Amino acid sequence: MLFEDLSLSKSIQRAVFEEGYTNPTPIQEKSIPIILAGKDLVGCAQTGTGKTAAFAIPIIHHLHRMVGSSKKTKQIRCLVVTPTRELAVQIGESFDTYGKYTNLRQLTVFGGVSQVPQVDQLKKGVDILIATPGRLLDLHKQGFVDFDHLHFLVLDESDLMLDMGFINDVRKIVKLVPTNRQTLLFSATMPMAIRELADTFLNNPEYVSVTPVSSTAEIIKQQIYFVDKSDKRALLYHLIRNENLKNVLVFVRTKHGADNVVKALKKQGINAEAIHGDKSQTARQRVLDSFKNKEISVLVATDIAARGIDIESLPYVINFDLPNIPETYVHRIGRTGRAGNGGISISFCGKDEEPYWKDIQKLIKVDVKVTKDHPFPWKETEANPDAKPDLRNKKKSDGTKSRKSEASKKNKKRWY
Ligand code: AMP
C-alpha cells in the first residue's frame, strides 16, 4: 500500500512525502482507515512502529477539513494524553511535521517547567493539545483549558500511564471531555487493566495490533556477555574503548545505577550522561539533544526515561542490567535497528540475572550468541554451572522475593 491510496488531503500527502515516507507502516495501514471512518480504536503497538503518525495523520486530515482554513478563534479539538514529557514533545513535533501545510496549531504542555508560556499559548488558542496528565489537570483546574469543542481524545502509551500511577488522573480527564468524541487508545501491551479501560472509555472500538512484542527484529545483532556484577563497568568501558563504540544507549535498572555508570565512564574520559526521572525537564532535553547531535557518545537511561526517546539509526544498545520483565528487553533492543538500519544489542548478564536471561530467551526464541572471549568472564568458582544457585522463587538475602517470581506473576497477566 502507498500513502496516496489512503485518500488523505493533498497537504498531508505532501508533508509525508517530504519526510521520505512512501509506504505506511503496518500500524498505519491498519489504523488510518479506521480513524478516517470515525471509529474508536484500540491499537496495540510499541514506540518505533510508526504509531504516532498512525493517529496524528488521520486526525490532522479530519481537523484540516473541519477547521483548517477557518479564521475563527482556535478551540481545542484534539487532546493527546501521554505519560512522559519526552513523548509529549515528540508527539508535538510529529503533529508539526505532518501538519506543516495546514493552519492547525498544536501545543505541548507538561510539568516540571513554568506554566506561564503554556498559558499564554492556550490563551491564543490551539487546535491540538498534547499533555502529560498532571499538568493538564492543573491547567484545567485554573480554568485555562476548555474542552467544549473537543472531538478527538488520544490516550497514548496507556500501559505506561498505568505503570506510572496516572490512571486516576486519566479517569478524571476522560470525565472532563465530551462524550460524543472519537477515542483512540494505544498501548505497547494489553493487560487486562488496559482492556477494562478500553471498555469503559471507548465506544465499540476496533482492535488493531502489530508485530507481537516477542518478535525481535532480524536485523538486530544480539550478543550476550556473562559478567560478574562487579566487573560490569570495566566491561562497558572495555567495549566502548576497544570497539570504539559511539552513539551508545545503555540501559540500567535504577536512577542511582544510571548516575554511577555515568560517573565511572566520565572518570575514564568517556563523554556520558544520564537521563532519568530525577533530572529536570530542561536537563533531560539538553542531554537528549546533545546525544542526538553526537556531542555525547553514551546515554545511560532507565526504562521509563527511555520510553520517549526516538533517535533514528541508533547503532548500539547495551543492557547493562537485564530487565526482569522479558518484554522490556524487546522494547529496549528495538531502539536499534530501526527503519531498516542494522543495529547491535549487547547484554550483560550477572549470575543473579540468569533467570531473567532464560525468561528473555523463552520469549524471543532466538539463539543469542554468547561472547566468551572477553576479559571479565564469571569467576571460576561461581561460574561453574553445576554450582549455580537456582534463584527461582528463592528468597533473597534481603528478605525480598527473587524478581523472577515477580516476573512470572506478571507474565501470567500478559496478553498476546
Ligand atoms: P513512532 O513509533 O511513532 O515513535 O515512530 C517511529 C519512527 O518511525 C519515527 O522516527 C517516524 O519518523 C518514523 N516513521 C513513521 N512512519 C513512517 C513511515 N511510514 N515510513 C518511514 N518512517 C516512518
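Note that the coordinates shown come from a computational prediction; the quantities given were computed from them, not determined experimentally.

J.: Is there a simple way to think about the overall build of the protein in this case?
T.: Secondary structure assignment for the protein yields 17 helices and 14 strands. Buried residues in the protein amount to 54% of all 416 residues. Considering only intrachain contacts with a sequence separation of at least 6, the fraction spanning at least 24 residues in the protein is 76%.

J.: Explain the site of the ligand here, please?
T.: Neighbouring the ligand are 14 residues, the closest being Y21, Q28, G48, G50 and T52. T49 places a polar main-chain atom, nitrogen or oxygen, 3.0 Å from an oxygen atom of the ligand. Here G50 contributes a backbone N or O atom positioned 2.7 Å from an oxygen atom of the ligand. Protein burial of the ligand: of its 490 Å² of free accessible surface, 81% is covered by the chains.

J.: I'm lost on the nonpolar core in this one. Help?
T.: The nonpolar side chains of a soluble globular protein tend to be buried with one another. Membership of the largest hydrophobic core comes to 37 residues, with the highest contact counts inside it found for F55, I57, I59, V80, F95 and L184. Those elements that place two or more of their residues in this core are α1 (10-18), α2 (26-36), α3 (51-67), β2 (78-81), α4 (85-98), β4 (128-131), β5 (152-155) and β6 (182-187). The element that contributes the greatest number of residues to this core is α3, accounting for nine residues. In this structure, A131, V145, L155 and M161 belong to the second largest nonpolar core, which totals 34 residues.

J.: Whenever I open this one, the packing of α1 against α3 confuses me. Can you help?
T.: Packed helix pairs are specified by the crossing angle of their axes together with the interaxial distance, meaning the distance between the axes. Relative orientation of the contacting elements α1 and α3 amounts to 150°, with a least axis distance of 9 Å. Like other packed secondary-structure pairs, α1 and α3 cross with a definite hand, here right-handed. Across from S11, I12 and V16 in α1, the residues of α3 making contact are I57, I60, H61 and H64.

J.: Would you explain helix α8 (residues 167-176) in this entry?
T.: For an α-helix the count is 3.6 residues per turn, leaving residues at separations of three or four pointing the same way. Turning to α8, its buried residues are I167, D169, V170, I173 and V174. Taken down its axis, α8 places every buried residue within 150° of arc, on the same side. Facing away from the buried side of α8, by more than 90 degrees, are the exposed residues N168 and K175.

J.: So what exactly am I meant to see when it comes to the sheet that holds strand β3 (residues 106-109) here?
T.: By way of backbone hydrogen bonds, the strands of a sheet pair with one another, either parallel or antiparallel. Strand order in the open sheet made by the seven strands is β3-β4-β2-β5-β6-β1-β7, with parallel pairing throughout. The outermost strands of the open sheet, each flanked by one partner alone, are β3 and β7 (206-209). Across the sheet, the axes of successive neighbouring strands diverge by a mean angle of 15°, strand direction being ignored. With four bridges connecting them, strand β1 (residues 41-44) and β7 associate as parallel partners.

Quick notes on the rules
- Residues numbered from 1 in each chain as written.
- Predicted model: local features only at pLDDT ≥ 70, side-chain atom pairs only at ≥ 80, totals over all residues.
- Heavy atoms only, no water.
- Helix = DSSP H or I, 4+ residues; strand = E, 2+ residues; numbered from the N terminus.
- Buried < 20%, exposed > 50% of the residue type's maximum accessible area, 1.4 Å probe, protein only.
- Contact = heavy atoms within 4.5 Å.
- Near = heavy atom within 4 Å.
- Polar contact = N/O pair within 3.5 Å; in protein donor to acceptor, adjacent residues only side chain to side chain.
- Areas by Shrake-Rupley, 256 points an atom, 1.4 Å probe, with all protein chains shown as cover.
- Core = buried A, V, L, I, M, F, W, Y, C linked by side-chain atoms within 4.5 Å.
- Axes fitted to C-alpha atoms, helices over the stretch in contact; angles between N-to-C directions.
- Left-handed = near helix turned anticlockwise from the far one by under 90°.
- Arc of directions from axis to C-beta.
- Pairing = 2+ DSSP bridges.

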